[in-house]
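# Structural overview for review
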Amino acid sequence: MVDTELEHRAVESPTMYWQVLLRLRWLLGGAIGLAFAVGRVIESLWFDPDVPIMRVIGDVAAWGVLGGLAVWLTLTWVSRQEQRYQAGLEQALRDQQRAYSQLALLSEVNRRIVDSATLDDILDAALTFPQRLVPARATAVMLLDATGIVETRAHGAPADEIARLRETFGIANRMEMARHPQMIERADGGSVCLALPLHDGMALLGWIELYLERPAPIAQDELALLETIANEIAEAIASARRRSREERAIYQLERAIAEERARIARDIHDGIAQSLAFIRMRIDLWNEWIESDPQRLRSELMALKTTLREQIRELRRAIFALRPVQFDELGFVGGLRRYIVEFAGQHSWDIHVDLSGTPSTISPEVEAVAFRVVQEALTNVAKHAAATRVEVVLDQVDEGLQLVVRDNGQGFDPGTLPEAPGHVGLRQMRERLAALRGQLTILSRPGAGTEVRAWIPLLSVER
């Protein structure tokens, strides 16, 4: 505070002195003019006494006027220069303070964005900070998604009034290709709208609408700062969306892992565990048959051999299901092909795989669901179909990914599926497909094999 006062006094003191000289310039000019006149009179009387008196008077008047005028003009010019200098200094100080305040606002925006834990916090900042530069009677934040334009925040006016203003200004059509702030005026010269696009450098995410009562000029540096704030908010929105998708993907992955563990546990419990429990109970009878009925015991042991062979196959299938699929190293098509071929090798199937029609770009969500459908379909073939030949085909049909798993097994009546307790996997397939708006069709007939046909839209609901 002391430095500020000294600086103020240092600026104020020269100004005060020049103001005093400016007020006294007439007196100083007259005094100097009188000094010129007296000097001229003394010079004429002392050195040239023969000069006519009228010439002396004329010289005295001329030199006095010229001397006084010269002093007055000099002081006036110097005073004006000092005033210009002071005005420039004050303007520079104002510009510096303006720049400091803008930097402070931008720093506050960055801190608010960094501290924001959710997308809603960022949208609140998008509604608040632009009004610090351009006070508006109504504001709104619009975001784009796959379904169109969504109003996420509004303040200062009812929603129907803001919607009417937006339609009047035609903002949606103007902002489709906008990269910079736009001042949109009504034809009748009334209120105006300042639209700030939220562009993250790759795509338009939405915009901020500031409705002003009347047209008002906005400085270029303020427009540049508003654009910078909008860009910061757009990048924060994009980051929040990516973070949300990643968290949702992690949740879905954990859920898929939990479901897979539950499925494997259910398979082991319903298959291997029950078979082993049944064998344990039969052993008590075998002890009695060792002496009393060895022929029957021999038949039981042969049946046990067959049962153990089936349980070993079931155990190998469960272990195989726990192996990671190498999508990262082989890609979706390569990893899926390896999984199908190895699964078929576990059951000695004659396998036919056609993945040539698979699109080159598939979202991770579609890949995950497609793999689970194929996995569950093959598991059902192994457990229920008693098939010798299996065919798996992937192709692109009607802007979607179509999966077909066909076998030559014993088949079944699809109408009995809702009551069949052993077909939980089919229900899970339907739920997975429904989450992506996909479809599942089961074609089967007893003795004629089964065909599982699934379709998943490639256009994801989210961008």
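Look up: the structure comes first, before these words.
## Some points on the overall build of the protein chain
- Scanning the protein chain from terminus to terminus reveals 12 helices and 10 strands.
- Taking all 463 residues of the protein chain together, 36% fall into the buried category.
- Nonlocal contacts in the protein chain, meaning residues at least 24 apart in sequence, comprise 63% of its contacts between residues at least 6 apart.
- Accessible area for the protein chain stands at about 27,900 Å²; split by element, carbon and sulfur atoms hold 57% of it.

## Notes on a nonpolar patch on the surface
- A cluster of nonpolar side chains, contributed by L276, L308 and I312, occupies part of the molecular surface with about 250 Å² of accessible area.
- Judged by relative accessible area, L308 falls into the partly exposed class, the value being 36%.

## What to know about the sheet that holds strand β5 (residues 204-212)
- One open sheet accounts for five strands, arranged β2-β1-β5-β4-β3; its pairing is antiparallel. Edge strands, defined here as strands with exactly one partner in the open sheet, are β2 (148-155) and β3 (182-185). The sheet shows a mean angle of 25° between the axes of neighbouring strands, direction not considered.
- Sheet topology places strand β1 (residues 138-145) next to β5; six bridges connect them, and they run antiparallel. Bridge assignment links L143 to a residue of β5, and that residue is G206.
- Strands in contact with helix α4 (residues 119-128) are β1, β2 and β5; relative to β2, the strand with the most contacts, it is inclined by about 65°.
- In the packing of helix α6 (residues 159-169) onto the sheet, the strands contacted are β1, β2, β3, β4 (192-199) and β5, and the crossing angle to β5 comes to about 100°.

## Some remarks on the packing of aromatic side chains
- Counted under the stated rule, the structure contains three aromatic pairs.
- Ring centres of Y339 and F343 lie 5.9 Å apart, and the angle between their planes is 35°; on these two criteria the pair is classed as tilted. Note that Y339 and F343 are positioned in helix α10 (residues 327-346) at a spacing of four residues, about one turn of the helix. By the burial criterion, Y339 is buried, and F343 matches it.
- Consider the rings of Y339 and F371, whose centres lie 5.1 Å apart with planes at 70°: the pair is edge-to-face. Highlighted residues: Y339 in helix α10 and F371 in helix α11 (residues 364-385), separated in sequence by 32 residues.

## Let's talk about the nonpolar core
- Counting residues in each nonpolar core, the largest one holds 36 residues, and the members touching the most others are L336, L378, L394 and L403.
- The biggest single contributor to this core is α11, with 10 residues.
- Ranked by size, the runner-up nonpolar core spans 34 residues in total, among them I113, I122, L123 and A234.

## A look at the pattern of salt bridges
- Following the criterion strictly, the structure yields six salt bridges and no others.
- R406 is the partner of E391 in a salt bridge, and the nearest nitrogen-oxygen pair spans 2.8 Å. Taken together, the residues E391 in strand β7 (residues 389-397) and R406 in strand β8 (residues 400-407) connect sequence positions 15 residues apart.
- Through salt bridges with shared partners, a single network forms among E391, R406, E451 and R453.

## Side note on the sheet that holds strand β9 (residues 439-444)
- Strand order in the open sheet formed by five strands is β6-β7-β8-β10-β9, with mixed pairing between adjacent strands. A single partner strand is all that each edge strand has here, and the edge strands are β6 (350-354) and β9. In this sheet, neighbouring strand axes are inclined to one another by 10° on average, regardless of whether the strands run parallel or antiparallel.
- Where β9 and strand β10 (residues 450-457) come together, six bridges link them in antiparallel fashion. By the bridge assignment for β10, S444 is matched with T450.

## Remarks on the pairing of β10
- Burial within β10 is extensive, with six of its eight residues counted as buried.
- Where β8 and β10 come together, eight bridges link them in antiparallel fashion. Bridge pairing links D407 to T450 in β10.
- What sits between β9 and β10 in their antiparallel hairpin is a turn of five residues, with G447 showing a positive phi close to 85°.

## So, unusual backbone geometry
- Despite not being glycine, A386 has its phi angle at roughly 55°, a positive value.
- Its location among the elements puts A386 in the loop between α11 and β7.
- Although it is not a glycine, D398 adopts a positive phi angle of roughly 50°.
- Mapped onto the secondary structure, D398 falls in the loop between β7 and β8.
- Accessibility expressed as a relative area gives 66% for D398, which makes it exposed.

What counts, and at which threshold
- Residues numbered from 1 in each chain as written.
- Predicted model: local features only at pLDDT ≥ 70, side-chain atom pairs only at ≥ 80, totals over all residues.
- Heavy atoms only, no water.
- Helix = DSSP H or I, 4+ residues; strand = E, 2+ residues; numbered from the N terminus.
- Buried < 20%, exposed > 50% of the residue type's maximum accessible area, 1.4 Å probe, protein only.
- Contact = heavy atoms within 4.5 Å.
- Areas by Shrake-Rupley, 256 points an atom, 1.4 Å probe, with all protein chains shown as cover.
- Patch = residues over 30% accessible without salt bridge, like charges linked within 9 Å, V, L, I, M, F, W, Y side chains within 5 Å.
- Salt bridge = Lys/Arg side-chain N within 4 Å of Asp/Glu carboxyl O.
- Pairing = 2+ DSSP bridges.
- Axes fitted to C-alpha atoms, helices over the stretch in contact; angles between N-to-C directions.
- Phe/Tyr/Trp six-rings, centres within 6.5 Å; stacked < 30°, edge-to-face > 60°.
- Core = buried A, V, L, I, M, F, W, Y, C linked by side-chain atoms within 4.5 Å.

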